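Each chain is listed here by its residues.
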Amino acid sequence: MTLCLKWPGFQLEYGEGVLQLHWPSAAVLEVKAERCAEASLGPVPGDGSAQLMLRFRSTPSDATDLILVRVGVPAAHIQGAEHLIQRLRREHGVPDRRTDEDESADLSRLPARAPGWVLAPTGAASEELFDEVMDRVANDTD
């Protein structure tokens, strides 16, 4: 049975062990649900909406590379997102956010309350450039 969540700017389908996340005219991410390492839904203060967070491993092992997706969920669709998480837990053993994990250490550059983000590992050259820019900003006296 396929589960479909849809609201302006986003659509998620889950069926036959595959999650497909679709941002019209922007991107499509299709991933096997067995690669989902974590799923959670957290409230966004103030407007009754929530944020769906899905973390995927790129390989079946415990590799450190990951894909993290955060999607803003309007209040009217929270129940559907909760149903999706329950199915992922039941059908694929996907855990909730690990309580021993400090997310800020992993995702220090990712705004926690941003409505939608996709994050994947960066290359060494990108990391060096980011560090250089941040050093320049920190040492800028103007």
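Fair warning: this is a prediction, and the values are worked out from it, not measured in the lab.

(A) The arrangement of the nonpolar core in detail. Core analysis: the largest hydrophobic core is formed by 27 residues, its most contacted members being Leu12, Tyr14, Leu19, Leu21, Leu54, Leu84 and Leu88. Among the secondary structure elements, those contributing two or more residues to this core are β1 (3–7), β2 (10–15), β3 (18–23), β4 (27–32), β5 (36–43), β6 (50–57), β7 (66–73) and α1 (78–92). Among the elements that make up this core, the one with the highest residue count is α1 (five residues). With near-sequence residues (within four places) excluded, leucine 19 lies in contact with Leu12, Glu13, Tyr14, Leu29, Glu30, Val31, Ala33, Phe56, Leu84 and Leu88.

(B) The arrangement of the sheet that holds β3 in detail. If you walk across this open sheet you meet the four strands as β1-β2-β3-β4, and the pairing is antiparallel. Unpaired on one side and paired on the other, β1 and β4 mark the two borders of the sheet. Geometrically, the sheet is characterised by an average inter-axis angle of 10° between neighbouring strands, direction not taken into account. Along the sheet, α1 contacts β1, β2 and β3; its crossing angle with β1, the most-contacted strand, is approximately 150°.

(C) Summary view of the environment of cysteine 4. Here cysteine 4 is to be found in strand β1. Between the alpha carbons of cysteine 4 and leucine 19 there is a distance of 9.9 Å; along the sequence they are 15 residues apart. Sequence-distant contacts of cysteine 4, that is, excluding residues within four places in its chain, are made with Gln11, Leu12 and Glu13.

(D) Layout of the environment of tryptophan 7. Topologically, tryptophan 7 is positioned in strand β1. Sequence separation between tryptophan 7 and valine 73 is 66 residues, and the spatial gap between their C-alpha atoms is 8.3 Å. Residues within four places of tryptophan 7 in sequence aside, it is in contact with Val71, Gly72, Val73, Pro74 and His77. Side-chain polar atoms of tryptophan 7 contact the backbone oxygen of glycine 72, separated by 3.3 Å.

What counts, and at which threshold
Residues numbered from 1 in each chain as written. Predicted model: local features only at pLDDT ≥ 70, side-chain atom pairs only at ≥ 80, totals over all residues. Heavy atoms only, no water. Core = buried A, V, L, I, M, F, W, Y, C linked by side-chain atoms within 4.5 Å. Buried < 20%, exposed > 50% of the residue type's maximum accessible area, 1.4 Å probe, protein only. Helix = DSSP H or I, 4+ residues; strand = E, 2+ residues; numbered from the N terminus. Contact = heavy atoms within 4.5 Å. Pairing = 2+ DSSP bridges. Axes fitted to C-alpha atoms, helices over the stretch in contact; angles between N-to-C directions. Polar contact = N/O pair within 3.5 Å; in protein donor to acceptor, adjacent residues only side chain to side chain.

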